[in-house]
Amino acid sequence: MATSDWSRKTSDAPEGLRRQWRADRALRPAMRSPGRPDPSRVVQRQFWRLIATGVTTAEASIAVGVSVPVGMRWFRHAGGMPPISLAEPTGRYLTFEEREEIAILRAKDKGVREIARAIGRDPGTVSRELRRNAATRSGTQDYRAGVAQWKAQQAAKRPKTAKLVTNDRLREYVQDRLAGNVRRPDGTIVAGPTPPPWKGLNKPHRADRRWSTAWSPEQIAHRLKVEFPDDESMRISHEAIYQALFIQGRGALKRELVTCLRTGRALRQPRARSRNKPQGHVTPDVVLSERPAEAEDRAVPGHWEGDLIIGTGRSAIGTLVERSSRATLLVHLPRMQGWGEKPHVKNGPALGGYGAVAMNAALTASMTKLPQQLRKTLTWDRGKELSGHALLALETGTKVFFADPHSPWQRPTNENTNGLLRQYFPKGTDLSRWSADDLEAVAHALNNRPRKILGWRTPAEVFDEQLRSLQQPGVATTP
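Residues numbered from 1 in each chain as written. Predicted model: local features only at pLDDT ≥ 70, side-chain atom pairs only at ≥ 80, totals over all residues. Heavy atoms only, no water.

**Student:** Please explain the pairing of strand E3 (residues 303-310) as it appears in this structure.
**Tutor:** Regular strands have side chains that alternate between both faces of the sheet. Of all the eight residues making up E3, seven are buried; the element is thus mostly covered by neighbouring parts of the structure. Pairing geometry for E3 and strand E4 (residues 316-322), over seven bridges, is antiparallel. Looking at the pairing, Gly-306 lines up with Leu-320 of E4. Counting the residues that bridge the hairpin from E3 to E4 gives five residues, and of these Gly-313 lies at a positive phi of roughly 60°. (Buried < 20%, exposed > 50% of the residue type's maximum accessible area, 1.4 Å probe, protein only. Helix = DSSP H or I, 4+ residues; strand = E, 2+ residues; numbered from the N terminus. Pairing = 2+ DSSP bridges.)

Listed below in structure tokens is the structure:
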């Protein structure tokens with residue numbers, strides 16, 4: 001609205017009312033035009049509480065009634081950290097619901113005291129609310145709950161200058177320990193590699209990273225107490241350092257310094273979300289603790305451990321190792337039809353050779369060559385390639401169990417064997433070029449190596465003894 005129109009309309013208001021408007025506006029900082037008011041803090045608190053439970057940003061946005069792009073922007077601008085307190089405000093302040101009730105009653109030409117009685121507030125509170133937070137763009141006071149909530153939130157902001165902004169000595173200390181140069185014992189600087197420019201994303205994938213001192217914020221915070229025991233100005237919490245790094249405009253540290261953290265993440269990942277990995281195929285009845293006790297002491301044959309060794313271009317080889325004899329089976333995982341002929345489709349069929357369907361077929365073909373008594377259980381890691389374990393157990397009679405997350409020691413025989421196999425199939429090589437006959441030859445070589453744990457017998461000899469003990473003629477004598 002033009003200035004002349006504003007002056008003309010406000011001149012029609014009583015002098016006392018115009019004087020009160022000027023007094024109220026003089027006590028508050030200048031506000032930009034609200035446009036479409038932001039969602040209330042109640043909605044934002046609910047959003048960040050959902051994020052803390054581990055749900056995705058899109059799910060949290062939909063649950064609180066805001067668009068997914070808005071939720072994404074909240075999460076990105078806050079660096080994945082709640083920028084507001086999640087504690088509920090006290091009853092001293094009007095809620096958005098109360099403001100909606102005031103707007104409805106005001107539209108019905110109800111008086112201040114009647115409105116106050118209806119919402120259980122003091123008449124002075126309602127009077128100030130109508131005067132301070134009403135929309136005035138039309139030249140008159142028009143009370144709307146959305147605008148009133150936005151004005152109240154803007155007026156309630158108490159921006160506190162970050163400690164790293166005001167304390168130069170503390171900021172230099174934190175930044176030097178976080179992003180300082182790597183030095184030799186004599187003090188000379190080691191430049192290290194030249195990293196690519198930071199683009200606001202996570203650390204570069206399989207590329208050089210900047211060499212830095214790289215103390216963690218927690219190490220910095222606690223070391224300050226050791227080096228400056230009597231200087232209380234040299235104190236800061238590790239959480240304040242994280243906020244200075246991740247939340248835009250919160251502190252004096254540049255955002256690109258997140259690359260100096262060990263993880264190198266541009267956004268902080270909520271702890272619950274990091275634990276909420278997609279492992280829906282692992283149900284309580286197939287965790288390692290449910291595996292039969294006889295599999296633990298290796299006295300009874302027929303209990304296997306399995307995993308994949310991964311190569312370039314999404315190539316892989318399946319490995320199966322019997323816990324008692326240490327006999328090894330290598331599972332051939334050829335490319336599926338259509339691989340390399342068309343662009344990769346997200347969430348499309350897995351054509352690399354170790355999708356759930358292909359993995360089930362390959363394992364079934366390998367396991368069914370063994371006698372039923374020698375395929376009792378199979379212990380796998382938590383990879384999604386075995387998400388169809390229920391069908392595998394039905395077709396082979398082998399009960400599948402999954403080790404705990406990040407616990408390779410729960411499959412020790414398989415892990416040790418995979419280390420031996422890397423002599424034949426090094427990391428960074430294409431494993432799809434090897435045929436099933438090639439894998440059989442490598443497995444034969446491995447099964448005929450004497451082992452100290454077997455009294456210098458070979459896995460093939462021990463496995464043959466197991467087969468003979470079953471007294472099943474016609475079964476192959478070597479795996």
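**Student:** What am I meant to see in the nonpolar core here?
**Tutor:** As a rule of thumb, nonpolar side chains are buried together in soluble globular proteins. The biggest cluster of nonpolar side chains holds 26 residues, and the ones touching the most others in it are Trp-304, Leu-320, Leu-333, Met-359, Leu-363, Trp-380 and Leu-386. When contributions to this core are tallied by element, the ones reaching two or more residues are E3, E4, strand E5 (328-331), helix H15 (356-367), strand E6 (377-380), strand E7 (399-402) and helix H19 (459-470). At four residues, the largest contribution of residues to this core is made by H15. Setting aside chain neighbours within four positions, we find Leu-320 in contact with Trp-304, Glu-305, Gly-306, Ala-327, Thr-328, Leu-329, Val-331, Leu-363, Met-367, Leu-378 and Trp-380. Residues Tyr-173, Val-174, Ala-179 and Val-258 belong to the second largest nonpolar core, which totals 23 residues. (Core = buried A, V, L, I, M, F, W, Y, C linked by side-chain atoms within 4.5 Å. Contact = heavy atoms within 4.5 Å.)

**Student:** Just checking my understanding: could you explain the packing of aromatic side chains for this structure?
**Tutor:** How two aromatic rings sit relative to each other is set out by the distance from centre to centre and by the angle between their planes. On inspection of all chains with the given rule, the structure shows seven aromatic pairs. Each ring, one from Trp-48 and one from Phe-75, has its centre 6.1 Å from the other, and the planes form 20°; the classification is stacked. In this pair, Trp-48 sits in helix H3 (residues 41-52) while Phe-75 sits in helix H5 (residues 68-77), placing the two residues 27 residues apart along the sequence. Its relative accessible area of 2% is what places Trp-48 among the buried residues. Centre to centre, the rings of Tyr-173 and Phe-228 are 5.7 Å apart; their planes meet at 75°, and the pair counts as edge-to-face. Of this pair, Tyr-173 sits in helix H11 (residues 168-179) while Phe-228 sits in the loop between helix H12 (217-227) and helix H13 (238-246), and the two are 55 residues apart along the sequence. What makes Tyr-173 buried here is its relative accessible area of 6%. Taken together, the ring pairs connect Phe-47, Trp-48, Trp-74 and Phe-75 into an aromatic cluster. Sitting over the face of the ring of Trp-215, Arg-177 holds its NZ or CZ atom 5.9 Å from the ring centroid. The ring centre of Tyr-242 lies 4.2 Å from the NZ or CZ of Arg-268, which sits over that ring. (Phe/Tyr/Trp six-rings, centres within 6.5 Å; stacked < 30°, edge-to-face > 60°. Lys NZ or Arg CZ within 6 Å of the ring centre and 35° of its normal.)

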